[in-house]
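Residues per chain are reported as follows:
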Amino acid sequence: MLDLDLSSKMDFTHIVDRQLRRDVINLCMKTGKPLLKLLASDYTNNGLEHLLQQYGSAGFINIRVFNDLQHTITGWPGGKPNADDTYRPERAKPYPKRVIVFSPHPDDDVISMGGTIRRLVQQGHGVHIAYETSGNIAVDDEEVTRYMHFVNGFNQLLGENADENIKRKYREIKDFLKQKKQGDVDSLDVRTVKQLIRRGEARTACTYNQIPHAQIHFLDLPFYESGKIEKLPMTERDVEIVRQLLREVKPHQIYAAGDLADPHGTHKKCTDAVLAAFQQELKADEAWTHDCRIWLYRGAWAEWDLWDIEMCVPMSPEELLQKRKSILKHQSQMESAPFLGDDERLFWQRAEDRNRTTARLYDDLGLACYEAMEAFVEYRFDAIAQDK
C-alpha cells in the first residue's frame, strides 16, 4: 500500500551537528552576540559547558557553526557551473538543470520563492511551474462579478453578432450569485470562472518571471474540487497526475511546499502527492530519480528555523521589489482574498517581512548582510527508499 502521508515524516537527522547549530544560535540570540564573538564564559554561564568539553574550545565551536551556516548561502540555487561545489548546497552538474516548482495554490510559487525562481531562470535553467490546485475556492464572488461584467460588455461590442450563449451564461451566473447564501457551495460555472481568474493571474506572473507558457502546468488535483473549505481525501488519482508530469520533465530539482502550517491542509496534501509520486518513480528505479534533489520551501504562514536551513538564496533590494511585483500579479488574492487568516498583512507583506527577518538573523549572527533571503531544506528519501 502506498504511503500518502510522507511529509509528516520529515526529520533533520541528516543535518550534521543540527543540535550544535541550534544550541549555538540560541546562545547568540540570548547573549546578543554574533557567532565569532562568543566566549567560553558565555557557554558555561548558559549551561553549555558540555559543548566545550566535547569540542575543545569556544573558538573552535564558533568557527565550525559559522562555516556551516556560511555554506548554506548561495546565489546559485541551481548550482554554479564550472565551480567547486564541495561546500555549496547544490551540485554544479548537470548544467543547465530541469526544474519543477510545485505550487499548491496558484500564487504559492512567487510568495514562497519568487526571488529564487527568477534567479534560476536568469541562470539558464529550464524552470517548470506546476500549479497543483485550481485555487478557485479562494476567489471572492466580487471578482467573478467584475469579470462577468467585462465579458458581457465585450459581448455587447459584437452587436448583432453577440453570442446568445454568453448572454445566457451571464444571466445564470448573475442570478446564482444574487441568490447565494453564506456557506452555499458554488455552482460548477462559478467555480470554473474562479479557476479561470486564477489561471490568468498565474500565467501573468509566470510571464513576468520569463517562464514560457509551455512550461506552465495546471494539474487541478481532484482532492481539492469539493467546492468547500474541507477537501476530499487524497488518492492515487492525485498522485498519478503528479507522476505523469515527473515522467515528462524528468527534473534534476524539485521544489515543493514544506509549509504544513497552512490552516486548511492543502499544502500538506499537495506535498504528500509530490513525495508519493517521486517515491513510486524511485522504487521503479527510474534513472532520473538518482540525479534529482527535492527542496522544500515555506510560504506565507511560517519559516524554517535557522538551524534547519540547508540553502538560503539572498536577494538585493531590486530583486525583492521584483518578487513583490510578481506576487501582485495575483490581484484576486490581495485585499479581497477570503482566506488571509488572522494575520492582517497581505501576502506580499508577509513574504517580504519573512525574507527580511531571515536576512536579519543571518546578519545578527555575523554573516553577510543582505536585504532579504529565501530559505530551503532538502528532503531525502534515503531511509524510505529502502522500505520497498
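Residues numbered from 1 in each chain as written. Predicted model: local features only at pLDDT ≥ 70, side-chain atom pairs only at ≥ 80, totals over all residues. Heavy atoms only, no water.

Points about the nonpolar core
Here is step 1 of the chain: Counting 60 residues, the largest nonpolar core has Tyr43 and Phe102 as the members making the most contacts within it.
Here is step 2 of the chain: With 8 residues, helix α10 (residues 266-283) is the single largest residue contributor to this core.
Here is step 3 of the chain: Every residue in contact with Tyr43, bar those within four places of it in the chain, is listed here: Val24, Leu27, Leu38, Leu48, Glu49, Leu51, Leu52, Ala58, Ile61 and Asn62.
Here is step 4 of the chain: Core analysis: the second largest hydrophobic core is formed by 21 residues, Met113, Tyr131, Cys206 and Ile216 among them. (Core = buried A, V, L, I, M, F, W, Y, C linked by side-chain atoms within 4.5 Å. Buried < 20%, exposed > 50% of the residue type's maximum accessible area, 1.4 Å probe, protein only. Helix = DSSP H or I, 4+ residues; strand = E, 2+ residues; numbered from the N terminus. Contact = heavy atoms within 4.5 Å.)

Digging into the sheet that holds strand β1 (residues 98-103)
Here is step 1 of the chain: Spatially, β3-β2-β1-β4-β5-β7-β6 is the arrangement adopted by the 7 strands of the open sheet, whose pairing is mixed. Bordering the open sheet on either side are β3 (216-218) and β6 (311-315), each of which pairs with just one other strand. Across this sheet, the average inter-strand angle for adjacent strands is 25 degrees, counted without regard to direction.
Here is step 2 of the chain: Pairing geometry for strand β4 (residues 253-257) and strand β5 (residues 293-297), over 5 bridges, is parallel. Note on β5: the bridge partner recorded for Ala256 is Leu296.
Here is step 3 of the chain: In this fold helix α9 (residues 236-249) packs onto β1, β2 (126-131), β3 and β4, with an angle of close to 160 degrees to the strand it touches most, β1. (Pairing = 2+ DSSP bridges. Axes fitted to C-alpha atoms, helices over the stretch in contact; angles between N-to-C directions.)

Things to note about helix α11 (residues 317-328)
Here is step 1 of the chain: If you check α11, its first and last C-alpha atoms are 17 Å apart, about what 12 residues at 1.5 Å a residue would give, namely 16 Å.
Here is step 2 of the chain: Here α11 has its buried residues at Leu320, Lys323, Ser326 and Ile327. With its buried residues spanning 115 degrees around the axis, α11 presents them on a single face.
Here is step 3 of the chain: Where α11 is buried, its residues contact α5 (108-122), α8 (188-208), β6, α12 (347-364) and β7 (372-379). (Expected span 1.5 Å × (residues − 1). Arc of directions from axis to C-beta.)

Remarks on the confidence of the model for the chain
Here is step 1 of the chain: Averaged over every residue, the pLDDT of the chain is 90; the share at 70 or more is 91%.
Here is step 2 of the chain: Considering only residues more than four positions removed or in separate chains, one finds that residues 383-388, a stretch of pLDDT under 50, has 6 contacts. (pLDDT = per-residue confidence, 0-100.)

Observations concerning the environment of Ala302
Here is step 1 of the chain: Relative to the elements of secondary structure, Ala302 occurs in the loop between β5 and β6.
Here is step 2 of the chain: A relative accessible area of 24% means that Ala302 is categorised as partly exposed.
Here is step 3 of the chain: In this structure the C-alpha to C-alpha distance between Ala302 and Leu260, which are 42 residues apart in sequence, comes to 8.6 Å.

Some words on the packing of aromatic side chains
Here is step 1 of the chain: Across all of its chains, the model carries 4 aromatic pairs by this definition.
Here is step 2 of the chain: Pairing Phe150 with Phe154 gives two aromatic rings, centres 6.2 Å apart and planes at 25 degrees, and the pair type is stacked. With a gap of 4 residues between them, Phe150 and Phe154 both fall in helix α6 (residues 141-157), about one helical turn apart.
Here is step 3 of the chain: If you follow Arg298 out to its NZ or CZ, it ends over the ring of Trp304, 3.8 Å from the centre. (Phe/Tyr/Trp six-rings, centres within 6.5 Å; stacked < 30°, edge-to-face > 60°. Lys NZ or Arg CZ within 6 Å of the ring centre and 35° of its normal.)

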